[in-house]
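The primary structure of each chain is shown beneath.
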Amino acid sequence: MKQTTIRRLISLGMLIVLVAMFSALSSYYLSAGNLLEIVRDAAVAGIIGVGVTYVIITAGIDLSTGSCMALVGMAMANIYKYTLLPIWLMLIIGILVGLLAGLFNGFVVAKLHLPEFIATLATMGIFRALTYTIAIRDAGGVITSQPMTYSTFARLGGSIGGIHIVSIVFIIFVIVGQIVLKKTRFGTNLYAVGANPKAAELSGINIARTRIMAYMVVGFCAAVGAIFTTARLQSTTALLGSGFEFNPIAAAVVGGVSLSGGYGDIIGTFIGALFMAALDNGVLKLHMNTAYQYVIKGAIIILVVMFDAWYNKRMEKLAQERSAKEAVNE
């Protein structure tokens, strides 16, 4: 059985055990309304997780997604408050801001050759600083939240037939993201770059362009996440997305995407996002200390990374033993 399949099954098993545990403690947990709420809560982290998965598969990381969300939200707030541009154009500009942020991340990583962790940690601060620079302020110069209550925009935070629009978009992103990853040349290049950059370069893959495109996908996903978050809140602040960087990465890692690059997929990230949302929902519904969320999440990520490291070593050992047997037989 392939490693990706094994990790996906493990993640799914973890999700089933978690849901069963909370269901035993609360009869409301498995209600249709609560399950829809879990999917809605998983949606934004999952949407951004699609892009983060692409980057992690290339053996990269992106710590700037929360700040990118804030920058996109504040750019849209300025358009909303100070211009007469239609909502659809405001949304397009917001997405362009996300793409430019992703392009900048990709340029710093791929062209300036900075380590991904340091580069995106720096851009996290840059994007947040830009957000504060363009933040909406009152007459006294104090930063304030900007209401965004126009009905056409606020409708994005609503639902259709009881299903939240952001949940529908989440499912679409998962399907399209998986198809791109598994059925296109771009997806193949992502795996190749993460598994063995030197071999990928020798085979004619443009490593810099592939990495830049991966970061641009993250920027696009972060922009979409910002749009749905601000639509749901019907406002935005300079603190939007603060601390959110952890969620998409955690969803990807729990879903089986290797931090060393080279394997994982969007289906795994989808399961990971649902797991994180189910955990948060259960803790809140049972009125448990919210600190438990972070303890459990941290412990799970440590265990998952340890398992991946052990499994990789085991597969390498088995491959070496197989090669040795074949050499003896010859």
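Up top is the structure these notes are about.
Heads up: these notes are all about the structure in this document. (Residues numbered from 1 in each chain as written. Predicted model: local features only at pLDDT ≥ 70, side-chain atom pairs only at ≥ 80, totals over all residues. Heavy atoms only, no water.)

## Some points on the overall build of the protein
Okay, so step 1: Broken down by element type, the protein carries 13 helices and four strands.
Okay, so step 2: By the compact-globule yardstick of 20 Å for 330 residues, the protein fits well, its C-alpha radius of gyration being 21 Å.
Okay, so step 3: Over its C-alpha atoms, taken along the principal directions, the protein stretches across nearly 80 × 55 × 35 Å.
Okay, so step 4: Across the 330 residues in the protein, those meeting the buried criterion constitute 49%.
Okay, so step 5: For the protein, the proportion of contacts with a sequence separation of at least 24, taken over those separated by at least 6, is 78%.
Okay, so step 6: Charge centroids of the protein, computed over 23 positive and 14 negative side chains, lie 4 Å from each other. (Helix = DSSP H or I, 4+ residues; strand = E, 2+ residues; numbered from the N terminus. Rg over C-alpha atoms; globule rule 2.2 N^0.38 Å. Buried < 20%, exposed > 50% of the residue type's maximum accessible area, 1.4 Å probe, protein only. Contact = heavy atoms within 4.5 Å. Lys, Arg positive; Asp, Glu negative; His and termini not counted. Charge placed at Lys NZ, Arg CZ, Asp CG, Glu CD.)

## Here we look at the packing of helix α3 (residues 65-82) against helix α4 (residues 87-110)
Okay, so step 1: It is the contact of α3 with α4, at a shortest axis distance of 9 Å, that shows an interaxial angle of 150 degrees. On the basis of their axis angle, the class for α3 and α4 is roughly antiparallel. At the point where α3 passes α4, the crossing takes the right-handed sense. Side by side, α3 and α4 meet where C68, L71, V72, A75, M76, I79 and Y80 of the first sit next to I87, M90, L91, I93, G94, V97, G98 and A101 of the second. (Axes fitted to C-alpha atoms, helices over the stretch in contact; angles between N-to-C directions. Parallel < 35°, antiparallel > 145°, perpendicular 65-115°, else oblique. Left-handed = near helix turned anticlockwise from the far one by under 90°.)

## Notes on the pattern of salt bridges
Okay, so step 1: Under the defined criterion, the tally for this structure stands at five salt bridges.
Okay, so step 2: R232 serves as the salt-bridge partner of D41, at 3.8 Å between the closest nitrogen and oxygen. Here the residue D41 occupies a position in helix α2 (residues 32-57), and R232 occupies one in helix α10 (residues 207-233), the gap between them amounting to 191 residues.
Okay, so step 3: Overall, the relative accessible area of 33% leaves D41 in the partly exposed class.
Okay, so step 4: Between D280 and K297 there is a salt bridge, and its shortest N-O distance comes to 3.1 Å. Of the two residues, D280 sits in helix α12 (residues 266-285) while K297 sits in helix α13 (residues 291-329), which places them 17 residues apart along the sequence.
Okay, so step 5: Its relative accessible area of 5% is what places K297 among the buried residues. (Salt bridge = Lys/Arg side-chain N within 4 Å of Asp/Glu carboxyl O.)

## Focus on the nonpolar core
Okay, so step 1: In this structure, I47, M90 and F153 are the most contacted members of the largest nonpolar core, which totals 85 residues.
Okay, so step 2: Considering every element that reaches this core, the biggest residue donor is α2, with 13 residues.
Okay, so step 3: Setting aside chain neighbours within four positions, we find I47 in contact with V166, V169, F170, F173, C221 and V224. (Core = buried A, V, L, I, M, F, W, Y, C linked by side-chain atoms within 4.5 Å.)

## Overview of the side chain of T230
Okay, so step 1: Position of T230 relative to the elements: it lies in helix α10.
Okay, so step 2: Take T230: its relative accessible area is 0%, and that puts it in the buried class.
Okay, so step 3: Looking at T230, its side chain comes within polar contact range of the main-chain oxygen of A226, at 2.8 Å.
Okay, so step 4: The contacts of T230, once residues within four sequence positions are left out, are G73, M76, F153, S235, T236 and L240. (Polar contact = N/O pair within 3.5 Å; in protein donor to acceptor, adjacent residues only side chain to side chain.)

## Points about a nonpolar patch on the surface
Okay, so step 1: Among the surface-exposed residues, L36, I160, I163, I168, I171, I172, I175, V176 and I179 lie close enough to one another that they form a single nonpolar patch of about 740 Å² accessible area.
Okay, so step 2: Element by element, the count of residues in the nonpolar patch is highest for helix α7 (residues 165-183), at six residues.
Okay, so step 3: Here I175 is to be found in helix α7.
Okay, so step 4: Judged by relative accessible area, I175 falls into the partly exposed class, the value being 48%. (Patch = residues over 30% accessible without salt bridge, like charges linked within 9 Å, V, L, I, M, F, W, Y side chains within 5 Å. Areas by Shrake-Rupley, 256 points an atom, 1.4 Å probe, with all protein chains shown as cover.)

## Focus on the side chain of N34
Okay, so step 1: Residue placement: N34 occurs in helix α2.
Okay, so step 2: Looking at N34, the relative accessible area reads 0%, which means it is buried.
Okay, so step 3: Those residues in contact with N34, other than ones at most four positions away along the chain, are Y28, Y29, N281 and K285.

## What to know about helix α8 (residues 185-195)
Okay, so step 1: Looking only at α8, the buried set comprises F186, G187, N189, L190, Y191, V193 and G194.
Okay, so step 2: Buried residues in α8 make contact with α2, α7, α9 (197-202) and α10.

## Observations concerning the environment of S23
Okay, so step 1: Counting through the fold element by element, S23 comes out in helix α1 (residues 3-25).
Okay, so step 2: Looking at S23, the relative accessible area reads 18%, which means it is buried.
Okay, so step 3: Separated by 44 residues in the primary sequence, S23 and S67 have C-alpha atoms spaced 35 Å apart.
Okay, so step 4: Contact partners of S23, with chain neighbours within four places excluded, come to Y29 and L30.

## Quick word on the environment of V39
Okay, so step 1: If you trace the backbone, V39 turns up in helix α2.
Okay, so step 2: Looking at V39, the relative accessible area reads 25%, which means it is partly exposed.
Okay, so step 3: The spacing of V39 and A278 is 239 residues in sequence and 8.4 Å in space, taken between C-alpha atoms.
Okay, so step 4: Setting aside chain neighbours within four positions, we find V39 in contact with S167, F170 and L274.

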